[in-house]
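# A look at the structure
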Amino acid sequence: MNASRLVLSSITVFELLIGAKDSQRKLEIWNLLGGLDIQYVDVSVAEKAADIFVSLKAKNQLIEFRDIFIAATALVHRLPVVTLNVNHFERIDGLLIL
């Protein structure tokens, strides 16, 4: 992995866009995202997300679905997660958190 490569999950894009108050904010978000790689949810990410969900549910440690999909995207593509929400993401085995 190239240390200078920034990658976002399409779920993170969703989270940013739902926070946009108007079309100007959406445009600013898209301008910001213009130079970043976006990893989309595909079948392999969906399968990993399902595995994570089942594992967390069995331990009674479920987290927000969006966070599960972000983690699944990172695991499938062997990427670390940069987050301030360490409490949720540290529940997921094998996930590198920065």
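You'll find the structure just up there.
The paragraphs below set out a description of the structure included in this document.

### A word on the pattern of salt bridges
The final tally for this structure, using the stated rule, is three salt bridges. Linking Arg66 and Glu15 is a salt bridge whose minimum nitrogen-to-oxygen distance equals 3.7 Å. Placement of Arg66 in helix H4 (residues 65–76) and of Glu15 in helix H1 (residues 10–18) is noted, with a sequence separation of 51 residues between them. Among the residues examined, Glu15 registers a relative accessible area of 27% and is labelled partly exposed. Where Arg66 meets Glu64, a salt bridge forms, and the shortest distance between an N and an O atom there is 3.2 Å. For Glu64, a relative accessible area of 34% gives the class partly exposed. Ionic contacts of the salt-bridge type, sharing partners, join the residues Glu15, Glu64 and Arg66 into one network.

### Brief notes about the packing of helix H3 (residues 43–58) against H4
Across the interface, H3 lies against H4 with an axial gap of 8 Å and an inter-helix angle of 120 degrees. On the basis of the axis angle, H3 is oblique to H4. Where H3 crosses over H4, the handedness of that crossing is right-handed. Residue-level inspection shows Ser44, Val45, Ala46, Lys48, Ala49, Ile52, Phe53 and Leu56 of H3 in contact with H4, the latter providing Phe65, Ile68, Phe69, Ala71, Ala72, Thr73, Leu75 and Val76. When grouped by side-chain class, the residues that make up the contact of H3 with H4 number 13 nonpolar, two polar and one charged.

Thresholds, definitions, all that
In this convention, every chain numbers its residues from 1, walking through the sequence in written order. The model is predicted, so local features are restricted to residues of pLDDT at least 70 and side-chain atom pairs to those at 80 or more, both for listing and for counting; the totals for chains, interfaces and linings are taken over all residues. Side-chain metrics rest on all non-hydrogen atoms present in the structure, leaving aside hydrogens and water. When a carboxyl oxygen of Asp or Glu is within 4 Å of a side-chain nitrogen of Lys or Arg, the pair counts as a salt bridge. A helix here means a DSSP run of H or I that spans at least four residues, while a strand means a run of E at least two residues long, and both kinds are numbered starting from the N terminus. In this scheme, a residue with accessible area under 20% of its type's maximum is buried, one over 50% is exposed, and one in between is partly exposed, where area comes from a 1.4 Å probe on protein chains only. Structural elements are reduced to axes, namely lines fitted to C-alpha atoms, with helices fitted over the stretch in contact, and the angle between N-to-C directions of any two is expressed from 0 to 180 degrees. Small angles under 35 degrees read as roughly parallel and large ones over 145 as roughly antiparallel, with 65 to 115 read as roughly perpendicular and the rest as oblique. Two helices cross in a left-handed way if the nearer one is turned anticlockwise from the farther one by less than a right angle. They cross in a right-handed way if the turn is clockwise. Here, residues are in contact when the closest pair of their heavy atoms is within 4.5 Å. Residues are grouped as follows: Ala, Val, Leu, Ile, Met, Phe, Trp, Tyr, Cys and Pro are nonpolar; Asp, Glu, Lys and Arg are charged; every other residue, Gly included, is polar.

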